[in-house]
Amino acid sequence: GPGVRWAMPRIWIAWARLWGVTTARDPGGPQGIGGWLFIPIQRLWFGFVLACQGVYFDVSSGAVWKASGVPQTLIGVHLAVSLVLIVWAGSLFRDLIRRRRSFPTGYSVFELAQIAWPALVLAGSRSLGVVDEPHSYGLLLRDAAVSAIWVLYMRRSVRVRNTFVR
């Protein structure tokens, strides 16, 4: 109806202002949350969700862990690191929404931490005598390559430089 035709453009304008979307070409380059920047934001969201899943799994599977003979200290360390990742991702979302200059650097370190943590888990499982799958190393290398791409994007992108200015 006419109410929807009146409201939709205003909703679009409010959304565009919130995210810094511009209709005219900016001589300084693109800005705002858009383009390739959506993919790192999705990776941040999935990192948050996976850390929440890790906490849930650690807390709900105490009997399974005990029966399998995994040392309690390893479970505690995994739980602590998952909680740190949850808080860290939350603070990065705050920086993202506020467009703070610290977001690209914080996100880059977050990406690298998400690679360091599985590498440490893989090394710890080898020290415990757990047989690791041969494809684990390939997956780790793949994740490291993807993280390297997004860290470079955060460091070099004109859109990132123009968006995170506060």
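What you see is a predicted model, and the numbers here were worked out from it, not measured in a lab. (Residues numbered from 1 in each chain as written. Predicted model: local features only at pLDDT ≥ 70, side-chain atom pairs only at ≥ 80, totals over all residues. Heavy atoms only, no water.)

K.L.:
Describe in detail the overall build of the chain, supporting the description with residues and values.
P.N.:
In terms of helices and strands, the chain carries seven helices and zero strands. Along its sequence from the N terminus, the chain presents helices and strands in the succession α-α-α-α-α-α-α. By the burial criterion, 28% of the 166 residues in the chain qualify as buried. Contacts in the chain between residues far apart in sequence, at least 24 positions, make up 72% of those at least 6 positions apart. (Helix = DSSP H or I, 4+ residues; strand = E, 2+ residues; numbered from the N terminus. Buried < 20%, exposed > 50% of the residue type's maximum accessible area, 1.4 Å probe, protein only. Contact = heavy atoms within 4.5 Å.)

K.L.:
Outline the pattern of salt bridges, listing residues and values.
P.N.:
Scanning the model with the defined rule gives three salt bridges in all. Of the charged contacts, one joins Arg43 and Glu111 as a salt bridge, the two residues approaching to 2.8 Å between their closest N and O atoms. Separated by 68 residues along the polypeptide, Arg43 in helix H2 (residues 38–60) and Glu111 in helix H5 (residues 102–127) bring together distant segments of the chain. One salt bridge in this structure joins Arg94 and Asp95, with 3.2 Å as the shortest N-O distance. For Arg94, a relative accessible area of 39% gives the class partly exposed. (Salt bridge = Lys/Arg side-chain N within 4 Å of Asp/Glu carboxyl O.)

K.L.:
Summarise the packing of aromatic side chains; cite the residues concerned and give the values.
P.N.:
Counted according to the given criterion, the structure contains six aromatic pairs. Taken together, the aromatic side chains of Trp45, Phe48 and Phe93 make up a single cluster linked through ring pairs. (Phe/Tyr/Trp six-rings, centres within 6.5 Å; stacked < 30°, edge-to-face > 60°.)

K.L.:
Any details on the packing of H2 against helix H4 (residues 72–98)? Residues and values, ideally.
P.N.:
Packing of H2 against H4 brings their axes to within 9 Å, and their N-to-C directions diverge by 150°. Overall, the two elements H2 and H4 adopt an arrangement that is roughly antiparallel. Handedness of the crossing formed by H2 with H4: left-handed. Only Ile75, His78, Leu79, Ser82, Leu83, Leu85, Ile86, Ala89, Leu92, Phe93 and Leu96 of H4 make contact with H2, whose side of the interface consists of Ile41, Leu44, Trp45, Phe48, Ala51, Cys52, Gly54, Val55, Asp58 and Val59. (Axes fitted to C-alpha atoms, helices over the stretch in contact; angles between N-to-C directions. Parallel < 35°, antiparallel > 145°, perpendicular 65-115°, else oblique. Left-handed = near helix turned anticlockwise from the far one by under 90°.)

K.L.:
Just give me the short version of H2, but keep the residues and values in it.
P.N.:
Taking 1.5 Å per residue as the helical rise, H2 with its 23 residues ought to reach 33 Å, and the 33 Å between its terminal C-alpha atoms agrees with that figure. Along H2, the residues that are buried comprise Pro40, Ile41, Leu44, Gly47, Ala51, Gly54, Val55 and Asp58. (Expected span 1.5 Å × (residues − 1).)

K.L.:
An account of the nonpolar core is requested, with residue identities and associated values reported.
P.N.:
With 20 residues, the main nonpolar core has Leu37, Leu44, Leu96, Phe103 and Phe164 as its most contacted residues. When contributions to this core are tallied by element, the ones reaching two or more residues are H2, H4, H5 and helix H6 (135–156). With six residues, the top contributor of residues to this core is H4. Beyond its immediate chain neighbours, meaning those up to four positions away, Phe164 contacts Ile33, Leu37, Asp95, Leu96, Arg99, Arg100, Arg101, Phe103 and Pro104. (Core = buried A, V, L, I, M, F, W, Y, C linked by side-chain atoms within 4.5 Å.)

K.L.:
Could you give an account of a nonpolar patch on the surface, naming the residues involved and the relevant values?
P.N.:
A cluster of nonpolar side chains, namely Trp45, Phe46 and Val49, defines an oily patch on the protein surface of about 300 Å² accessible area. Examined against the element boundaries, Trp45 turns out to sit in helix H2. (Patch = residues over 30% accessible without salt bridge, like charges linked within 9 Å, V, L, I, M, F, W, Y side chains within 5 Å. Areas by Shrake-Rupley, 256 points an atom, 1.4 Å probe, with all protein chains shown as cover.)

K.L.:
Tell me about H4, residues and numbers included.
P.N.:
In this model, H4 (27 residues) spans 39 Å end to end at C-alpha, consistent with the 39 Å of a helix rising 1.5 Å per residue. Here H4 has its buried residues at Ile75, Ser82, Leu85, Ile86, Ala89, Leu92, Phe93, Asp95 and Leu96. Count one or two residues on from H4 and you reach Arg99, which has phi positive near 55°.

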